[in-house]
Amino acid sequence: MIMKLSDFTIFKGISEDSFNELKNSSVLYKFKIGQPMSFKNVIPNQVHIILDGEARLLSTENNQKVTIAKLGIGSAVGLASLIRIEGCEEVTASTEVKTLSIPDKSIIDIYNKEISFRSLCNNSLFPVDVLSIVESLIKKSKRNDISLRAAFNTFAKNSKILSINSGKKIEIHKNFKYFICSNNIENKKISDTYNNEEDLIIKPPFSGRIIQLDSNLFNKLMKSDINNNAIDQKEKSIIPDFSNSEQELNFLPALEPTKTAEEIGQYSPRKDFKIIKGRGEIGEPLACLQMLSNYLDTPFR
């Protein structure tokens, strides 16, 4: 089974040792129709390679869930969240979906060891790379007639991902705009502008990500005095399909997506510490536990 996975683009060129690592650490899972495969605000502790079935990448528009893209055979659910160091994929199964589940630690190990896999991760433009920046730009735009899906489809065809490491710079061109696209760059947030004037510090193990957008399209999205047909509204009826390859076997019922415990260079500014007051033998310990859970960014139950 695992050797057949060499047919998938994501695994092309990796060594036999890495295949064996996948074989020893991976699990086959089965998702029911409508079952969540990834949550938007969670960096998952596993990556699901779709072997059979179809899933949907979702977003919210006008307070309603909308399908942004179809994810089919060969799609890697959770990989973008891991290498962007940001929980950004809201994905549910639209049919019964069978997956190969790879632990985050194995993904990190293979990324560090395998040039072909690292190159694919660093240079692949994932649907959520585009979705994340488009959502951010629409919020800042003066226009109120933009369809999220139309903008996504238009920018997906005209954008490029660039990788960057500490001390390096990316050559920029006047016909493009550049934005931060990963959460492992010190003092930068995703969707911040990149201007090539400062040295960036990238927290390992993953390279930093910069998304390149067409300046003309960017201006048309942001300005209200531009022809409203600049972002082709016909695109809003199109749901792109991201799929490749084939397969199958013995699958376990899938569990709810779980947050990674790996240190992957998450950058977040220092938090303000909020004092929570409590009274009595029960209230005071509960207040302490709640403050501790807030500081550690863990659920308080």
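Every value quoted in this text rests on a predicted model; they were computed, and no experiment measured them.

## With respect to the environment of Lys 98
- Tracing the backbone shows Lys 98 in strand 8 (residues 97-103).
- Residue class for Lys 98 comes out buried when judged on its relative accessible area of 10%.
- For Lys 98 and Ile 49, which are 49 residues apart along the polypeptide, the C-alpha to C-alpha distance reads 8.5 Å.

## Details of the packing of helix 5 (residues 127-140) against helix 7 (residues 215-222)
- The contact between helix 5 and helix 7 brings their axes to 9 Å, and the two run at 45°. In terms of orientation, helix 5 and helix 7 fall into the oblique class. Between helix 5, through Leu 137, Ile 138 and Lys 140, and helix 7, the contact on the second element is made entirely by Phe 218, Leu 221 and Met 222.
- Grouping the amino acids of the contact of helix 5 with helix 7 by side-chain chemistry returns 5 nonpolar, no polar and 1 charged.

## Brief notes about the sheet that holds strand 11 (residues 208-214)
- Overall, antiparallel pairing links the 3 strands, which are arranged 9-11-10 in an open sheet. Edge positions in the open sheet fall to strand 9 (159-164) and strand 10 (176-180), since each of these has one partner strand only. For this sheet, the mean inter-axis angle between neighbouring strands, taken without regard to orientation, is 30°.
- Pairing of strand 10 with strand 11 involves 5 bridges; the strand directions are antiparallel. Paired with Phe 176 across the strands is Asp 214, a residue of strand 11.
- Across the sheet, helix 7 touches strand 10 and strand 11, and the angle it forms with strand 11 is around 80°.

## Points about the packing of aromatic side chains
- All chains considered together, the criterion is met by 2 aromatic pairs.
- An angle of 40° between the planes, with centres 5.7 Å apart, marks the rings of Phe 179 and Phe 218 as tilted. Remark: Phe 218 occurs in helix 7 and Phe 179 occurs in strand 10; sequence separation between them is 39 residues.
- The exposure class of Phe 218 is buried, given its relative accessible area of 14%.

## Focus: helix 1 (residues 16-25)
- Ser 18, Phe 19, Glu 21 and Leu 22 are the residues of helix 1 that are buried. What you see down the axis of helix 1 is that its buried residues fit within an arc of 155°, all on one side. Exposed residues pointing more than 90 degrees away from the buried face of helix 1 are listed as Glu 16, Asp 17, Lys 23 and Asn 24.
- Contacts made by the buried residues of helix 1 are with strand 8 and helix 3 (104-113).

## With respect to the pattern of salt bridges
- Overall, the coordinates contain 11 salt bridges when judged by the stated rule.
- Between Lys 189 and Asp 192 there is a salt bridge whose closest N-O contact spans 3.9 Å.
- Connected through salt bridges with shared partners, the residues Arg 84, Glu 86, Asp 129 and Arg 209 form a single ionic network.

## With respect to helix 7
- Among the residues of helix 7, Ser 215, Leu 217, Phe 218, Leu 221 and Met 222 are the ones counted as buried. Down the axis of helix 7, the buried side of the element spans an arc of 160°, and every buried residue falls inside it.
- Looking at the packing, one finds that the buried side of helix 7 touches helix 5, helix 6 (148-156), strand 10 and strand 11.
- Where helix 7 starts, the residue carrying a side-chain oxygen 2.9 Å from the main-chain nitrogen of Asn 216 turns out to be Asp 214.

## Side note on the packing of helix 1 against helix 3
- Interhelical geometry of helix 1 versus helix 3 gives an angle of 180° and a closest axis separation of 11 Å. In terms of axis orientation, helix 1 runs roughly antiparallel to helix 3. Contact residues: helix 1 offers Ser 18, Glu 21, Leu 22 and Ser 25, while helix 3 offers Ser 106, Asp 109, Ile 110 and Lys 113.
- The class makeup of the residues in the contact of helix 1 with helix 3 is 2 nonpolar, 3 polar and 3 charged.

About the criteria used
Residues numbered from 1 in each chain as written. Predicted model: local features only at pLDDT ≥ 70, side-chain atom pairs only at ≥ 80, totals over all residues. Heavy atoms only, no water. Helix = DSSP H or I, 4+ residues; strand = E, 2+ residues; numbered from the N terminus. Buried < 20%, exposed > 50% of the residue type's maximum accessible area, 1.4 Å probe, protein only. Axes fitted to C-alpha atoms, helices over the stretch in contact; angles between N-to-C directions. Parallel < 35°, antiparallel > 145°, perpendicular 65-115°, else oblique. Contact = heavy atoms within 4.5 Å. Nonpolar A, V, L, I, M, F, W, Y, C, P; charged D, E, K, R; others polar. Pairing = 2+ DSSP bridges. Phe/Tyr/Trp six-rings, centres within 6.5 Å; stacked < 30°, edge-to-face > 60°. Arc of directions from axis to C-beta. Salt bridge = Lys/Arg side-chain N within 4 Å of Asp/Glu carboxyl O. Polar contact = N/O pair within 3.5 Å; in protein donor to acceptor, adjacent residues only side chain to side chain.

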